[in-house]
4 protein chains.
Amino acid sequence: MASPKEILKQVQDDDMPHWRLPAHPANRRSMRFFSDNAAAVHPRVMQAIQAADRLDTAYDGDRLSRSLDGRLSALFGTEVAALWVPSGTAANCLALAALCPPHGGIVCHRDAHIQNDEGGAPEFYTHGAKLFLAEGEGAKLTPAAIEAVLDAIPDDVHRVQPHAISITNATEYGRVYTPAEVAAIGDLARGRGLGFHMDGARFANAVATLGCTPAAVTWQAGVDALSFGFVKNGAMSAECLVFFDPDLAAVTRYRRKRAGLLLSKGRYLAAQVLAMLDDDLWLDTARAANARAATLAAAGGDRLIHPVEANEVFLRATPDEAAALRAKGFDFYDWAPGEIRLVTAWDSDEGDVGALADAIAAL
Amino acid sequence: MASPKEILKQVQDDDMPHWRLPAHPANRRSMRFFSDNAAAVHPRVMQAIQAADRLDTAYDGDRLSRSLDGRLSALFGTEVAALWVPSGTAANCLALAALCPPHGGIVCHRDAHIQNDEGGAPEFYTHGAKLFLAEGEGAKLTPAAIEAVLDAIPDDVHRVQPHAISITNATEYGRVYTPAEVAAIGDLARGRGLGFHMDGARFANAVATLGCTPAAVTWQAGVDALSFGFVKNGAMSAECLVFFDPDLAAVTRYRRKRAGLLLSKGRYLAAQVLAMLDDDLWLDTARAANARAATLAAAGGDRLIHPVEANEVFLRATPDEAAALRAKGFDFYDWAPGEIRLVTAWDSDEGDVGALADAIAAL
Amino acid sequence: MASPKEILKQVQDDDMPHWRLPAHPANRRSMRFFSDNAAAVHPRVMQAIQAADRLDTAYDGDRLSRSLDGRLSALFGTEVAALWVPSGTAANCLALAALCPPHGGIVCHRDAHIQNDEGGAPEFYTHGAKLFLAEGEGAKLTPAAIEAVLDAIPDDVHRVQPHAISITNATEYGRVYTPAEVAAIGDLARGRGLGFHMDGARFANAVATLGCTPAAVTWQAGVDALSFGFVKNGAMSAECLVFFDPDLAAVTRYRRKRAGLLLSKGRYLAAQVLAMLDDDLWLDTARAANARAATLAAAGGDRLIHPVEANEVFLRATPDEAAALRAKGFDFYDWAPGEIRLVTAWDSDEGDVGALADAIAAL
Amino acid sequence: MASPKEILKQVQDDDMPHWRLPAHPANRRSMRFFSDNAAAVHPRVMQAIQAADRLDTAYDGDRLSRSLDGRLSALFGTEVAALWVPSGTAANCLALAALCPPHGGIVCHRDAHIQNDEGGAPEFYTHGAKLFLAEGEGAKLTPAAIEAVLDAIPDDVHRVQPHAISITNATEYGRVYTPAEVAAIGDLARGRGLGFHMDGARFANAVATLGCTPAAVTWQAGVDALSFGFVKNGAMSAECLVFFDPDLAAVTRYRRKRAGLLLSKGRYLAAQVLAMLDDDLWLDTARAANARAATLAAAGGDRLIHPVEANEVFLRATPDEAAALRAKGFDFYDWAPGEIRLVTAWDSDEGDVGALADAIAAL
């Protein structure tokens with residue numbers, strides 16, 4: 001199989017139809033640390049997409065899609081039901097709808113992606129369930145923080161009642177929950193009769209850091225449903241919704257269709273997930289992204305706002321300092337006044353990561 | 001650029017990882033006439049997907065996505081707003097939600113895809129709007145058939161009031177609406193203050209047959225929103241929702257996100273649409289599918305249930321006759337007792353189409 | 001403050017405040033056969049409302065509301081959960097929402113009130129469930145008619161799947177289901193794993209005709225939830241939603257509140273239901289209405305479109321004949337071309353019923 | 001069957017039926033300060049209900065219902081559309097649904113009734129709109145507090161966008177917004193293109209305190225829709241939803257039916273609203289409740305947590321002190337640790353109010 005470099009070269013060399021835009025600085029992937037959600041598709045995933053071209057049954061009746069349950073069950077060491085979906089928002093919200101009725105509520109962190117970045121999709125998919133916002137350092141929840149929310153809700157029909165808990169691992173600030181931390185929340189969920197969802201948009205980055213099994217930080221810790229993210233980690237358009245209680249998946253198969261998410265050529269999505277799992281590509285790409293973030297973290301020193309445990313680096317930087325970095329061609333997100341966010345991806349160029357690290361150290 | 005044969009050969013020659021399943025009869029595309037919704041991705045589309053790999057902004061901020069409004073406006077000869085979505089169901093239902101409030105209703109054919117084949121997605125996206133079912137030969141609606149439905153609904157709060165009309169072109173039975181037929185319904189819609197949606201899952205097949213401009217059979221005939229289908233016609237996972245009233249698109253951009261349909265690597269979807277439009281590939285592939293259907297239609301003779309105007313052929317066939325065709329390796333859908341459906345696609349092998357035609361003639 | 005007695009007397013004696021409109025022909029209840037849904041409130045119900053004035057707990061925590069479960073359980077001879085609601089539409093739709101998920105469907109008659117006369121409330125309360133329309137003489141469903149609908153729905157995610165059956169007893173055409181007829185549908189529902197709802201807006205009229213126990217035609221025949229109507233039969237603003245599976249009621253108590261239906265002074269609604277049940281007032285008023293309809297039916301003779309089994313009379317009448325009846329001061333509903341509907345209520349004046357009967361006979 | 005007259009007489013003569021419960025301490029209204037939402041119905045309202053008994057058209061077609069627009073327009077000195085609804089939750093949520101689309105959001109106070117006490121009804125009626133929570137002393141919002149929320153929401157499809165503001169007057173803590181304070185928020189709403197709703201469950205108490213016209217604190221201050229509360233103030237089951245933009249009412253008439261809120265005997269609800277408006281009964285009863293609260297406030301002294309501007313009194317009281325008050329037969333709500341809430345109503349017995357005032361002073 002051709003290496004990324006070879007494939008890239010080939011793409012850049014051949015004729016340039018109108019939709020092949022000329023390269024220019026802003027278009028050089030090497031200098032962008034804006035986010036991992038626009039990174040390139042890994043060559044092995046692209047190859048799998050091509051290989052899926054052979055005709056097969058539509059929707060999720062093809063052999064690639066039908067192999068997902070087995071592949072994910074093997075990965076997690078227990079029987080799971082696995083559904084491909086084209087976006088992380090879709091994965092999260094189908095999971096929440098399976099765990100919470102329209103008249104219920106879901107406890108999540110005040111800074112959770114489902115609360116702030118999905119345009120109200122949780123309310124759409126659940127038909128109006130309410131999100132209860134809990135506090136926590138680095139967007140991490142603790143049983144105490146969750147109980148503080150739960151205990152303030154009297155059990156009567158006038159108050160929306162909690163039905164589920166949702167956490168993000170790695171969190172929106174690149175913090176990682178350990179199996180023990182997840183299990184503590186899982187115990188609380190079980191004790192209170194609540195469903196437990198994990199938004200794993202960067203699950204791979206978390207597992208790569210933890211060095212644990214995927215099982216240890218999910219079902220063995222009480223998680224009912226996992227949004228297993230691949231798009232930020234090398235895939236093109238396929239995430240995987242994993243239910244550790246296969247019964248939860250049954251109704252979701254109807255909801256996935258009803259939401260217009262059951263693509264007719266599903267084999268091209270299944271192929272992406274399978275390629276990411278082959279030979280643990282998902283862990284290789286996550287380790288690559290994490291290592292690059294670690295390089296930036298080392299340079300960040302006292303500027304670090306959060307410990308760097310995945311592929312996101314939050315730094316204190318004045319507007320002048322941010323401007324200075326941009327002047328050198330680095331692109332990133334202004335997170336808050338005096339704060340910038342740097343995100344690395346599986347394909348971040350190591351030379352450019354080093355250059356950014358030097359530029360940060362030189363501030 | 002490599003030819004389809006070359007690309008296919010290359011794919012078949014290199015090593016076969018586990019997700020590259022061995023070919024076997026049921027897997028030979030050449031003998032399948034089950035549906036066009038699982039056809040292969042056209043090599044030029046696949047090439048465009050690879051070429052989109054270069055990093056760009058996420059969601060629909062990339063230059064490919066941003067070029068859609070212009071490209072589709074040029075195609076339709078008027079200013080339109082064009083949104084990529086990953087499925088035809090999503091395109092249809094976002095359009096319906098833009099044209100009908102939750103407490104309203106939509107007139108469609110009794111056999112419409114939105115009524116029978118989308119798992120309740122219209123009700124989900126519209127928050128419970130009602131579908132009013134009208135009658136019509138070959139799944140085609142006429143102003144008279146629509147008025148029969150409308151006139152039976154008293155204008156009071158006890159009855160769901162109609163707010164939109166939805167037709168499918170080409171229809172679920174492969175029939176085509178002419179510009180004049182669409183305009184007649186468009187006039188009715190305007191006169192009654194109703195929105196007008198066209199499900200164009202096979203719009204290309206219809207335009208290829210009509211030989212008219214895309215404009216003539218849509219906005220010039222009063223259509224407000226078109227679900228422009230590409231997946232059945234050579235794309236992988238991108239349909240295009242076209243609003244002829246750009247204002248309708250504004251709210252839909254929020255709804256698309258809220259539905260989990262705003263993929264983060266949108267450039268890979270935009271690239272598919274753009275590749276299909278380049279050099280009218282969409283018409284070439286539709287013509288190819290239609291021509292193959294015409295070959296089967298000629299063989300069908302008196303067995304034809306509907307005139308063949310696109311890429312679907314409905315034949316009368318006894319169970320024994322259907323079995324005889326299957327015995328020769330042909331795969332297709334049993335539509336109803338004594339009826340079979342044969343669907344051709346852009347990549348149907350002409351040799352096999354000829355063989356099927358002979359087999360039909362020999363029945 | 002004046003005592004109820006004094007107030008009653010005063011009301012009867014004093015001058016007419018502005019909201020006490022002068023009587024005029026159109027306002028004489030005796031000549032109106034338009035519908036039973038605007039009839040007067042029975043004096044014993046009005047008395048019960050006044051008697052409920054004494055302060056008690058809000059919502060449904062008062063002793064009248066808390067007594068409903070017991071009173072209805074006694075009436076039905078089994079443990080039931082009974083919730084007051086202010087309208088029949090609310091009762092029907094809360095029941096449907098308890099029996100059918102948002103992605104499911106409900107089989108009902110093409111002319112059912114939930115399909116035609118509730119402004120889309122079933123779709124609102126169920127979050128978009130679909131109504132499947134079945135055929136049947138006099139708006140009555142049979143197992144065969146229901147199976148014809150069910151058997152046409154393939155069991156896959158592309159089709160909305162049926163989850164419940166809803167029938168109306170007495171039907172929209174004043175026909176009555178016998179216990180055996182209901183049980184046959186109940187057996188079908190159980191066999192197919194479907195919920196079973198009965199719209200009992202005129203349940204009293206049906207039971208009065210059948211002379212059976214309320215149990216025989218509901219839970220003993222497989223009904224899961226009954227909308228027990230009182231408003232058309234002498235109450236002011238209270239219907240009773242009866243669940244024969246108390247578990248179904250638990251979630252409904254949350255949904256009732258969420259729908260804005262949990263009135264803070266619930267005791268005034270509970271009082272109405274209790275007064276209607278006292279000494280079988282509900283059966284007395286229903287018998288009165290049915291008897292008046294029987295008088296009209298006898299006069300109708302060959303004009304009868306449906307057998308008269310409750311308090312609705314459908315007659316064939318030309319526009320001229322209808323005009324002749326109106327010229328004599330009778331008010332009624334033009335049901336369809338050449339058809340009129342006459343509805344009697346508990347308070348229809350017998351003299352006027354006789355006059356109408358004479359007028360019909362004289363046509 | 002006995003005639004209405006005979007039945008009335010019989011009812012007045014016979015023994016107390018079971019639903020006339022014997023009085024006992026917990027049932028003595030004079031000692032209850034728990035809430036105003038279970039107070040008795042004012043005799044003039046009860047009288048109006050009886051007087052509405054005369055037959056008229058169903059739903060809101062009767063002359064009482066049809067007179068609401070005119071009566072409320074006269075009261076507010078501008079053309080309004082007024083719809084009766086059976087609960088304050090229904091009024092609030094129909095208003096919010098008219099001002100905010102399903103994908104939008106509504107800014108309200110963290111302690112607003114719509115956020116905490118309506119069981120998720122706003123999310124149900126709006127189909128999943130999000131409530132944005134703002135801070136403010138005494139549950140009062142200021143333009144600055146609202147802008148703090150608005151300015152934190154970037155204008156992109158990933159974030160739910162604000163579409164409306166909702167305030168409560170008098171607030172959940174018995175604080176009153178002056179016309180100037182409302183107008184300041186109204187200016188903000190207009191400037192930002194947001195709808196503006198006022199929850200007036202205790203609107204009468206606020207106007208009674210302000211001594212202003214109802215117009216001054218609503219439409220003249222930019223309010224688009226008012227939930228005009230009557231149930232806490234002497235009515236039985238009728239609130240009035242007032243739209244200052246009649247166009248907003250048009251769609252709401254369909255939504256009211258769709259929500260099962262269009263009672264068939266609407267004249268009994270309209271009669272309550274009209275009786276409350278006759279001779280400003282609504283202001284008389286509100287003044288009575290406010291005066292009783294003032295008596296308690298005077299006794300509260302330093303214990304007062306909020307200025308008493310309506311009919312709610314929040315006091316600091318230790319568990320022992322609360323127990324001491326209860327030991328004397330006073331009933332009230334424990335609001336928070338160390339805080340109790342006392343609510344007076346139009347029918348609170350002055351002697352008992354005095355006794356409670358003495359008991360508080362004696363703590």
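Everything numeric here is computed off the predicted structure, so don't read it as measured data.

Reading guide: rules and limits
Residues numbered from 1 in each chain as written. Chains lettered and ligands numbered in written order. Predicted model: local features only at pLDDT ≥ 70, side-chain atom pairs only at ≥ 80, totals over all residues. Heavy atoms only, no water. Axes fitted to C-alpha atoms, helices over the stretch in contact; angles between N-to-C directions. Helix = DSSP H or I, 4+ residues; strand = E, 2+ residues; numbered from the N terminus. Parallel < 35°, antiparallel > 145°, perpendicular 65-115°, else oblique. Contact = heavy atoms within 4.5 Å. Nonpolar A, V, L, I, M, F, W, Y, C, P; charged D, E, K, R; others polar. Buried area = accessible area lost by both parts, 1.4 Å probe. Salt bridge = Lys/Arg side-chain N within 4 Å of Asp/Glu carboxyl O. Polar contact = N/O pair within 3.5 Å; in protein donor to acceptor, adjacent residues only side chain to side chain. Buried < 20%, exposed > 50% of the residue type's maximum accessible area, 1.4 Å probe, protein only. Pairing = 2+ DSSP bridges. Phe/Tyr/Trp six-rings, centres within 6.5 Å; stacked < 30°, edge-to-face > 60°. Domains from an automatic or database assignment. Least-squares fit on C-alpha atoms with pLDDT ≥ 70 in both. pLDDT = per-residue confidence, 0-100.

**Student:** Looking at this structure, how should I read the packing of helix α12 (residues 267–277) of chain C against helix α13 (residues 281–300) of chain C?
**Tutor:** Packed helices, taken two at a time, are described by the angle between their axes plus the distance between the axes. Residue and element names in this part refer to chain C. Running from N to C, α12 and α13 point in directions that differ by 70 degrees, and their axes come no closer than 5 Å. It follows that α12 is roughly perpendicular to α13 by the angle criterion. Residue-level contacts link Ala275, Met276 and Leu277 of α12 to Leu281, Trp282 and Thr285 of α13. Among the residues forming the contact of α12 with α13, the class breakdown is five nonpolar, one polar and no charged.

**Student:** Hey, could you run me through the interface of chain C and chain A in this one?
**Tutor:** It is common to give the size of an interface as the accessible area that goes away when the parts come together. Each side of the interface is counted separately: chain C has 18 residues, and chain A has 18 residues. Carbon and sulfur atoms make up 66% of the area that chain C and chain A hide from each other, which totals about 1600 Å². If you sort the residues of chain C by the area they bury against chain A, His103, Val157 and Tyr254 of chain C come out on top, with a joint share of 40%. Put simply, chain C and chain A have zero salt bridges between them. Counting across the interface, chain C meets chain A through 10 residue pairs in polar contact (both at pLDDT 80 or more). Here the side of chain C that touches chain A takes six residues from helix α11 (residues 246–258) of chain C, the largest share from any one element. A per-class count over the side of chain C that touches chain A returns seven nonpolar, five polar and six charged.

**Student:** Which parts of the structure should I look at to understand the environment of glycine 351 of chain B?
**Tutor:** Residue and element names in this part refer to chain B. Within the secondary structure, glycine 351 sits in helix α15 (residues 350–361). Classification of glycine 351 by relative accessible area gives partly exposed; the value is 48%. Sequence spacing of glycine 351 and histidine 103 is 248 residues, and the spatial spacing of their C-alpha atoms is 52 Å.

**Student:** Could you clarify how one ought to interpret the sheet that holds strand β1 (residues 81–85) of chain A in this entry?
**Tutor:** Each strand in a sheet pairs with its neighbour through backbone hydrogen bonds, running either in the same direction (parallel) or in the opposite one (antiparallel). Residue and element names in this part refer to chain A. An order of β1-β7-β6-β5-β4-β2-β3 is seen for the seven strands of this open sheet, with the pairing classed as mixed. Each having just a single partner strand, β1 and β3 (130–134) make up the two edges of the open sheet. Mean inter-strand twist for the sheet, computed between neighbouring axes without regard to direction, equals 25 degrees. Packed onto the sheet, helix α8 (residues 143–150) meets β2 (104–109), β3 and β4 (161–168) and runs at close to 130 degrees relative to β3. Relative to strand β5 (residues 195–200), helix α9 (residues 179–192) is tilted by about 150 degrees, and along the sheet it contacts β4 and β5.

**Student:** Just checking my understanding: could you explain the packing of aromatic side chains for this structure?
**Tutor:** The geometry of an aromatic ring pair is captured by the separation of the ring centres together with the interplanar angle, meaning the angle of the planes. Tallied over the entire structure, the rule returns 62 aromatic pairs over all chains. For the pair phenylalanine 124 of chain A and tyrosine 125 of chain B, a centre-to-centre distance of 5.6 Å together with 65 degrees between the ring planes defines the contact as edge-to-face. One end of the pair, phenylalanine 124 of chain A, is in helix α7 (residues 121–126); the other, tyrosine 125 of chain B, is in helix α7 (residues 121–126), on a second chain. Exposure remark for tyrosine 125 of chain B: the relative accessible area of 2% places this residue in the buried category. Members of the aromatic cluster, joined through ring pairs, are Phe76, Phe203, Phe228, Phe230, Phe244 and Trp282 of chain A.

**Student:** Honestly, the pattern of salt bridges in this entry has me stumped. Any pointers?
**Tutor:** Any two side chains of opposite charge can pair, on the condition that their charged atoms come close. Here the structure, examined in full by the defined rule, presents 84 salt bridges over all chains. The salt bridge partner of aspartate 224 of chain C is arginine 190 of chain C, with a shortest N-O separation of 2.6 Å. With aspartate 224 of chain C in the loop between α10 (203–210) and β6 (225–228) and arginine 190 of chain C in helix α9 (residues 179–192), the pair connects residues that are 34 residues apart, well separated along the chain. A salt bridge links arginine 253 of chain D to aspartate 69 of chain D, with the shortest nitrogen-to-oxygen separation between them at 3.7 Å. With arginine 253 of chain D in helix α11 (residues 246–258) and aspartate 69 of chain D in helix α4 (residues 68–76), this residue pair connects regions lying 184 residues apart in the sequence. By relative accessible area, arginine 253 of chain D is classed as partly exposed at 24%.

**Student:** Quick question: what am I supposed to make of the domain arrangement of chain A here?
**Tutor:** All names here are of chain A. We note that the domain assignment places domain 1 (24–41 + 282–361) and domain 2 (44–280) within chain A. Here the C-alpha centre of domain 2 lies 26 Å away from the C-alpha centre of domain 1. Of the residues lining the interface, 22 residues belong to domain 1; the matching set on domain 2 comes to 32 residues. Buried area between domain 1 and domain 2, both sides added, is near 2300 Å², and the carbon and sulfur share of it is 53%. Counting every contact that joins domain 1 to domain 2 gives three salt bridges. Here arginine 202 ties to glutamate 312 by a salt bridge, and the two come within 3.5 Å at their closest N and O atoms. Mapped onto the side of domain 1 that touches domain 2, the elements with two or more residues apiece are α13 (281–300) and β8 (312–316). A breakdown of the residues in the side of domain 1 that touches domain 2 according to their chemical character gives 12 nonpolar, five polar and five charged.

**Student:** Help me understand the relation of the copies chain C and chain A in this model?
**Tutor:** Both copies of the chain are related through a single rotation about an axis accompanied by a shift along the same axis. Each copy of the sequence occupies a distinct position, and chain C is placed on chain A by a rotation of 180 degrees and an axial shift of 0.0 Å, giving an RMSD of 0.0 Å. The relationship between the two copies is best expressed as a two-fold rotation axis. Of the C-alpha atoms belonging to chain C, the one lying closest to the rotation axis is found on histidine 127 of chain C, 3.4 Å away. With an isologous cut-off of 70% or more, the 100% of interface residues of chain C that recur at the interface of chain A puts this contact in the isologous class.

**Student:** How should the confidence of the model for chain A be read in this particular structure?
**Tutor:** Detail in the predicted coordinates should be disregarded across regions flagged by low pLDDT. Of all residues in chain A, 91% attain a pLDDT of 70 or more, and the chain-wide mean is 92. Note that pLDDT drops below 50 for residues 1–30 of chain A; the model gives that stretch 44 contacts with residues more than four away or on any other chain.

**Student:** In this structure, what is going on with the packing of helix α10 (residues 203–210) of chain A against α13 of chain A? I would like to understand it.
**Tutor:** All names here are of chain A. Across the interface, α10 lies against α13 with an axial gap of 8 Å and an inter-helix angle of 80 degrees. One element, α10, and the other, α13, form an angle in the roughly perpendicular class. Here Phe203, Ala204, Asn205, Val207, Ala208 and Thr209 of α10 come into contact with α13, specifically with Trp282, Leu283, Ala286, Arg287, Ala289 and Asn290. Its residues placed into classes, the contact of α10 with α13 shows eight nonpolar, three polar and one charged.

**Student:** What is the right way to read the side chain of lysine 140 of chain A from this model?
**Tutor:** Residue and element names in this part refer to chain A. Tracing the chain through its elements places lysine 140 in the loop between β3 and α8. The exposure class of lysine 140 is buried, given its relative accessible area of 11%. One polar contact links the side chain of lysine 140 to the main-chain carbonyl oxygen of valine 176, over a distance of 3.1 Å. With residues near it in sequence (within four places) discarded, lysine 140 still touches His109, Glu135, Thr171, Arg175, Val176, Tyr177 and Glu181.

**Student:** How should the pairing of strand β1 (residues 81–85) of chain C be read in this particular structure?
**Tutor:** On a regular strand, each side chain points to the face opposite its neighbour's, so the side chains alternate between the two faces of the sheet. Counted residue by residue, β1 of chain C has five buried out of five residues, so it is predominantly covered. Because side chains alternate across β1 of chain C, one face comprises the buried residues Ala81, Leu83 and Val85 of chain C, and the other comprises Ala82 and Trp84 of chain C, equally buried.

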